[in-house]
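# Chain and residue survey
Here's the letter readout for the chains.
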Amino acid sequence: MTLDFLGDLRRTHMCGDLRAENDGQEVVLLGWVNRRRDLGNVIFIDVRDRTGLTQLVFDKSENPALHEKASTLRSEFVIGAIGKVRRRGEKTINRNIPTGEIEVVASELRLLNESKQPPFLPSDPALANEEVRLKYRYIDLRREPMQYNIELRHKVALAIRQYLSSKGFFEIETPFMTRSTPEGARDYLVPSRVYPGEFYALPQSPQLFKQILMISGFDKYFQIVRCFRDEDLRADRQPEFTQIDLEMSFPQPDRVFEVVEGFLQAAFKAAAHELKTPFPRMSYDEAIRNYGIDKPDLRLPKLTDVRSAFTAEQLQSLQLNPELPVVAIRIPVIGDLSRKERDENRPLFGERKEARLIDDIKRLEKSFPEAVAKLREMSGAEASDLVVLVGAPAQMEKSATRPDYGVFMAAGALRVELARKYAQRHMAFHKGGFHFAWVTDFPMFEWDENEKRWNAAHHPFTSPHERDMDKLESDPGAVRALAYDVVLNGTELGSGSIRIHRQDIQSKIFRALGMSDEEARSRFGFFLEALEYGTPPHGGIALGLDRIVMILAGAESLREVIPFPKTAKAVDLMVDAPTPVSEAQLRELGIKIR
């Protein structure tokens, strides 16, 4: 097969641009053969690019040689065509595509490249196996949904950049090769050839660098930045990911919230969605008590403590602790469940020592009619709602910390599982909409039962509440952090905090974490030294760009909105990575594999 050169051929229109008003114009189209239909004397070729497709017509009676050349075309051949736009007849209009009112009668065809038969076609309605799609990602990315997702990603990122730039933020790049972080077990390490036995680390976030930019006087920084984390993967996790990272000098949390809400409005508008601001706000304590989770899905009703609906004797007969909450979970518009469905719900609760499932209240009505009537009133339950109760066992383990939180969290986990299971029957999940919330005042520390020590709940540079400073050493568990998360439909989009800018407070935090001065200097010496040179109050946040685009695209996995993702096993099937390297490379780096 003889191939043609592009030569001086320049496209006049994209394949998705032509309309009825272009009738009679001579045009040049360049793209891929999406589909070929041979009717004998007439051949129709759909030529495709990222904007859509246009039908080309090759008529044997008008140009036999051109018709013969068109007969050699196959799917995914790359072509250029010159021709005249013609309106289609009323009966031949294709109303399923924007260019369906016209076709282009070809006068010249250039065959720019041929193609092997692909393992699947971009025009196939049925998706290939995901591993096949990832191995042949360059074919997969030609599919219309993937073209849409990547364009959406571009528009969202551009809108965010434009908004933050308009608010005085500088986009500043931070290093990819840096030192290993405190979370070093999750770092990707890069060996140094020049310094054998020493390593750089790829950043899990630009945290310390963006704080140093505030010390450097840049006032407002942002970056749409690639980050790396070597961890087990899920649908919403990737080893390399992109986050919208920002930091500001002299902010209160409210100011950070305003900026984030502003760029999210701009991002969602780029995807044709209007957001209402300000977003609702709740403390961590309110989130746990009302939703049983720190990333609440506001599409579902709140949890309700209905303990007061029962007498002490009734709680005893139900083998529940009368001093702890009895939580009602309400999932609206589910309707009656069959006995089989009720039995299937019990495994959703799992094995929990801190709480036990009491089951659908319809099983309690015969024994406790007055209590059930009262708890229906308290929870606002309608007859068609599913209501399940969760309470604490009568004999709660004495070692349990915050047993009331344990009950609420158990109920919150079950609430999410029930909602997912009955999503097809729960109208709130079909009405769509984006339900944002801010969760604030997180605990400053978390107790590690195995290590018998306190750990930073966020990171050790998060500032505690001013009113809780005196509890840092006497009662760490009661200290609240100036930390905040932004949540959408039960998904955490981003996390941030006001940072510590005073070295005396930073030293107290390290001591509360059981870290000696020597250990702190060893791990964070360069940053602690920077704090000594006039550090302003500052704070910021980082949001996952991949996750935002995934939600806007209605995708189930981050892999649908990242051009070249890894599999769930952190493998790049297209380039076959990771792979072993040669002994010569290892020797040069001073590395030996054991």
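Summary of the structure given here.

It is worth spelling out the pattern of salt bridges at this point. Enumeration over the complete set of coordinates arrives at 37 salt bridges. The salt bridge partner of Glu130 is Arg559, with a shortest N-O separation of 3.0 Å. Of the two residues, Glu130 is situated in helix 2 (residues 130–135) and Arg559 in the loop between helix 14 (545–553) and helix 15 (583–589); the sequence distance between them amounts to 429 residues. One network of salt bridges, in which partners are shared, links Arg133, Arg137, Asp140, Arg143 and Glu560.

Let us look at the packing of aromatic side chains. The relation between two aromatic rings is expressed through the spacing of the ring centres and the mutual angle of the planes. Counted according to the given criterion, the structure contains 17 aromatic pairs. Seen from their ring centres, Tyr136 and Tyr138 are 6.2 Å apart, and the 80° between their planes marks the pair as edge-to-face. Note on Tyr136: relative accessible area 28%, which makes it partly exposed. Their ring planes at 45° and their centres at 5.4 Å tell us that Tyr284 and Phe442 sit as a pair that is tilted. Note that Tyr284 is positioned in helix 7 (residues 284–291) and Phe442 in the loop between strand 16 (436–440) and strand 17 (445–448), a separation of 158 residues in sequence. Overall, Tyr284 belongs to the buried group, its relative accessible area being 12%. Aromatic rings pair up to connect Phe268, Phe279, Phe434 and Phe436 into one cluster. The ring of Tyr136 carries the charged tip of Lys135 above its face, separated from the ring centre by 5.8 Å.

Put simply, helix 7 and helix 11 (residues 403–421) touch, their axes get as near as 7 Å, and they point 60° apart. The orientation of helix 7 relative to helix 11 falls into the category oblique. Seen from helix 7, the contacting residues are Tyr284, Asp285, Ile288, Arg289 and Tyr291; seen from helix 11, they are Asp404, Tyr405, Phe408, Met409, Gly412 and Arg415. The residue makeup of the contact of helix 7 with helix 11, split by class, is 6 nonpolar, 1 polar and 4 charged.

Here is what the cut-offs are and how they apply
Residues numbered from 1 in each chain as written. Predicted model: local features only at pLDDT ≥ 70, side-chain atom pairs only at ≥ 80, totals over all residues. Heavy atoms only, no water. Salt bridge = Lys/Arg side-chain N within 4 Å of Asp/Glu carboxyl O. Helix = DSSP H or I, 4+ residues; strand = E, 2+ residues; numbered from the N terminus. Phe/Tyr/Trp six-rings, centres within 6.5 Å; stacked < 30°, edge-to-face > 60°. Buried < 20%, exposed > 50% of the residue type's maximum accessible area, 1.4 Å probe, protein only. Lys NZ or Arg CZ within 6 Å of the ring centre and 35° of its normal. Axes fitted to C-alpha atoms, helices over the stretch in contact; angles between N-to-C directions. Parallel < 35°, antiparallel > 145°, perpendicular 65-115°, else oblique. Contact = heavy atoms within 4.5 Å. Nonpolar A, V, L, I, M, F, W, Y, C, P; charged D, E, K, R; others polar.

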